[in-house]
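Given next are the chains, with one letter for each unit.
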Amino acid sequence: SRFIKPTVDEIAAYCSERKNNIDAQAFYDFYESKGWRVGNQPMKDWKASVRTWERRSRPSKPQADKPSGDKYKRED
């Protein structure tokens, strides 16, 4: 099927349904400025792009303390 550019209201409704706190206007403006392209390919599924923004906007899980990387460092 052919891609149909969503409206800001459609994006806002989808984001509200998913409870993801993505700014629908920012999403629209971003892809409008890119010509509704992902990289150099035309967008096929704007809802999948919303889900990608959703994943990237989540805070990352805290990681366990990592060693400094210098296992031979002397503690004087």
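Just so it is clear, the structure is predicted and the values come from calculations on it, not from any experiment.

Looking at this model, I keep getting lost on the packing of aromatic side chains. Mind explaining?
Each pair of aromatic rings is reported with the distance of its centres and the angle of its planes. Counting across every chain of the model gives 10 aromatic pairs. Here the aromatic rings of Phe27 and Trp53 are separated by 5.0 Å at their centres, their planes lie at 70 degrees, and the arrangement is edge-to-face. Taken together, the residues Phe27 in helix H2 (residues 24-33) and Trp53 in helix H3 (residues 46-57) connect sequence positions 26 residues apart. Given a relative accessible area of 23%, Trp53 falls into the partly exposed group. Consider the rings of Tyr28 and Trp36, whose centres lie 5.6 Å apart with planes at 65 degrees: the pair is edge-to-face.

How do you make sense of the packing of helix H1 (residues 8-18) against H3 when you look at a structure like this?
If you want to describe how two helices pack, look at the angle between their axes and the distance between the axes. The contact between H1 and H3 brings their axes to 11 Å, and the two run at 50 degrees. As the angle between them shows, H1 and H3 are arranged oblique. When the axes of H1 and H3 are compared, the crossing they make is right-handed. Residues Glu10, Ile11, Tyr14, Cys15 and Arg18 of H1 form the contact with H3, whose participating residues are Trp46, Lys47, Val50, Arg51 and Glu54.

What should I look at first to understand the side chain of Ser49 in this one?
Along the chain, Ser49 turns up in helix H3. A residue is classified by how much of its surface remains accessible, and Ser49, at 9% relative accessible area, is buried. Beyond its immediate stretch of four places on either side in the chain, Ser49 contacts Phe27, Tyr31, Val38 and Met43.

Looking at this structure, how should I read the packing of H2 against H3?
Contact pair H2 / H3: the axes reach a minimum separation of 12 Å and the direction vectors enclose 115 degrees. Where H2 crosses over H3, the two elements pack in a sense that is right-handed. Here Ala26, Phe27, Phe30 and Tyr31 of H2 come into contact with H3, specifically with Trp46, Ser49, Val50 and Trp53. Tallied by class, residues from the contact of H2 with H3 come to 7 nonpolar, 1 polar and no charged.

When you look at the environment of Ala13 in this model, what are you seeing that I'm missing?
Position of Ala13 among the secondary structure elements: in helix H1. In this structure Ala13 comes out as partly exposed when scored by relative accessible area, which is 46%. With 11 residues separating them along the chain, Ala13 and Ala24 place their C-alpha atoms 8.7 Å apart.

Cut-off values and rules
- Residues numbered from 1 in each chain as written.
- Predicted model: local features only at pLDDT ≥ 70, side-chain atom pairs only at ≥ 80, totals over all residues.
- Heavy atoms only, no water.
- Phe/Tyr/Trp six-rings, centres within 6.5 Å; stacked < 30°, edge-to-face > 60°.
- Helix = DSSP H or I, 4+ residues; strand = E, 2+ residues; numbered from the N terminus.
- Buried < 20%, exposed > 50% of the residue type's maximum accessible area, 1.4 Å probe, protein only.
- Axes fitted to C-alpha atoms, helices over the stretch in contact; angles between N-to-C directions.
- Parallel < 35°, antiparallel > 145°, perpendicular 65-115°, else oblique.
- Left-handed = near helix turned anticlockwise from the far one by under 90°.
- Contact = heavy atoms within 4.5 Å.
- Nonpolar A, V, L, I, M, F, W, Y, C, P; charged D, E, K, R; others polar.

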